[in-house]
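For reference, the chains in residue letters:
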Amino acid sequence: MKNQNSAIVPGGVALPAAAGRGTALAFLGVLAFSGSFPATVHAMRGFDPSLVALGRAAIAGVIALVCLRSDLIPPRRDRLSYALIVLGVVLGFPAFSGLALALGASTSHAAVVTALLPAATAVCAVLRAGERPRPVFWAACAAGAVAVTAFTLTQNHGEVTWPDLLLVGALVSAAVGYTEGGRLARETPGWQVISRALVLALPLTLPVSVALALTTQLSFTPQSVAGLAYVSLVSMFLGFIPWYAGLARGGIARAGQTQLTQPLLTLLWAWLLMGERFGPATVLAALAVLVCVAITQRART
């Protein structure tokens, strides 16, 4: 099904008129995603981390199944991309990030480490599109990686911890899933892309979630229920609808610039909703990474 509103010319380049709409749509997705870490922490105060990671996908998958009704199986040519979306954003990112938070990573720390996600997504887009970025692109990527590494080592007394490695896994998973979803959304509406991926994962996520719900301790508090509801409905489903549409209309790398605001938005939600405090080093690291990522986005074009 061709999406007539995508306004993408051959080669995946967005037309100028569509780029602005794409950026606006992508920012709506970022706004939705920015609350994911605080909501995950709230959810894990009442539910097992594994249940939160898989349960959010199961709940969203049931909703997606109702929305799709038909056309559940993607075309053969797109099945690899859908498999990567399932592994990346349906399973990988929730599992890696949730476990990192469960093992002690703070919301602000997770926000800084994953601040390189826009650059990682741009790298994936470059590799998939076969483009040749200028040297300044790779220099800025390296500078951002150094900034994150320095911040992580400073916070952990010179050591890389398991939560940090898990957050890197979350970063890579999301970058792959975002890129593949943005590519598919050029021809298929974004809501169908994420819905198909969620439905394809249901044979795994639904029975395992039910088993976990029956065998783990559950605490139904307003905070835990609200957190699980947010990551299931908003982070796992609704947020992807404008996000994938924005990547398709504005270009994966260009519209992806809106994600530069996500770490700071996450820090804001952590402060407002959880009373989490963070020092100047966290803010400086986040700003340094944002500058580096901004350079990569501009250099890519």
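First things first, this report covers the structure right here in the doc. (Residues numbered from 1 in each chain as written. Predicted model: local features only at pLDDT ≥ 70, side-chain atom pairs only at ≥ 80, totals over all residues. Heavy atoms only, no water.)

### Brief notes about the environment of Pro242
Reasoning step 1: Looking at the secondary structure, you find Pro242 in helix 11 (residues 240-250).
Reasoning step 2: With relative accessibility at 16%, the residue Pro242 sits in the buried group.
Reasoning step 3: Setting aside residues up to four positions removed in sequence, Pro242 forms contacts with Leu25, Ala26, Leu28 and Gly29. (Helix = DSSP H or I, 4+ residues; strand = E, 2+ residues; numbered from the N terminus. Buried < 20%, exposed > 50% of the residue type's maximum accessible area, 1.4 Å probe, protein only. Contact = heavy atoms within 4.5 Å.)

### Side note on the packing of helix 4 (residues 79-102) against helix 9 (residues 190-215)
Reasoning step 1: At a minimum axis separation of 9 Å, helix 4 and helix 9 run at an interaxial angle of 75°. When the interaxial angle is binned, helix 4 and helix 9 end up roughly perpendicular. Where helix 4 approaches helix 9, its residues Tyr82, Ile85, Val86, Val90 and Leu91 are matched on the opposing element by Gln192, Val193, Arg196, Ala197, Leu198, Leu200, Ala201, Leu204 and Thr205.
Reasoning step 2: Looking at side-chain class alone, the contact of helix 4 with helix 9 contains 11 nonpolar, two polar and one charged residues. (Axes fitted to C-alpha atoms, helices over the stretch in contact; angles between N-to-C directions. Parallel < 35°, antiparallel > 145°, perpendicular 65-115°, else oblique. Nonpolar A, V, L, I, M, F, W, Y, C, P; charged D, E, K, R; others polar.)

### Brief notes about the packing of aromatic side chains
Reasoning step 1: Enumeration according to the criterion identifies eight aromatic pairs in this entry.
Reasoning step 2: Aromatic side chains Phe33 and Tyr178 sit 6.0 Å apart centroid to centroid with 10° between the ring planes, which places their arrangement in the stacked category. Of this pair, Phe33 sits in helix 1 (residues 16-33) while Tyr178 sits in helix 8 (residues 162-184); the two residues are 145 residues apart in sequence, bridging distant segments of the chain. Each member of the pair, Phe33 as well as Tyr178, is classed as buried.
Reasoning step 3: Between Phe33 and Trp243 the ring centres are 5.9 Å apart and the planes differ by 75°, which places this aromatic pair in the edge-to-face class. Separated by 210 residues along the polypeptide, Phe33 in helix 1 and Trp243 in helix 11 bring together distant segments of the chain. (Phe/Tyr/Trp six-rings, centres within 6.5 Å; stacked < 30°, edge-to-face > 60°.)

### What about the pattern of salt bridges?
Reasoning step 1: Counted by the stated rule, this structure contains three salt bridges.
Reasoning step 2: Among the ionic pairs, Arg77 bridges to Asp78, the shortest N-O distance being 3.9 Å.
Reasoning step 3: The class for Arg77 is exposed, based on a relative accessible area of 63%.
Reasoning step 4: Residue classification places Asp78 among the buried positions, given a relative accessible area of 13%. (Salt bridge = Lys/Arg side-chain N within 4 Å of Asp/Glu carboxyl O.)

### What about the nonpolar core?
Reasoning step 1: Ranked by size, the top nonpolar core spans 73 residues in total, and within it Ile85, Val90, Tyr178, Leu198, Phe240, Trp243 and Tyr244 carry the most contacts.
Reasoning step 2: The element contributing the most residues to this core is helix 4, with nine residues.
Reasoning step 3: Sequence-distant contacts of Ile85, that is, excluding residues within four places in its chain, are made with Val90, Gly177, Glu180, Gly181, Leu184, Val193, Ala197 and Tyr244.
Reasoning step 4: Residues Val112, Phe151, Ala285 and Ala286 belong to the second largest nonpolar core, which totals six residues. (Core = buried A, V, L, I, M, F, W, Y, C linked by side-chain atoms within 4.5 Å.)

### Description of the side chain of Ser232
Reasoning step 1: Summarising the element assignment, Ser232 is placed in helix 10 (residues 222-238).
Reasoning step 2: The contacts of Ser232, once residues within four sequence positions are left out, are Gly55, Arg56, Ile59, Ala60 and Phe237.

### Regarding helix 11
Reasoning step 1: Counting buried residues in helix 11 gives 10 out of 11 residues, a clear majority hidden from the surface.
Reasoning step 2: Residues Phe240, Pro242, Trp243, Tyr244, Ala245, Gly246, Leu247, Ala248, Arg249 and Gly250 constitute the buried set of helix 11.
Reasoning step 3: Looking one or two residues past helix 11, Gly251 carries a phi angle of roughly 95°, positive in sign.

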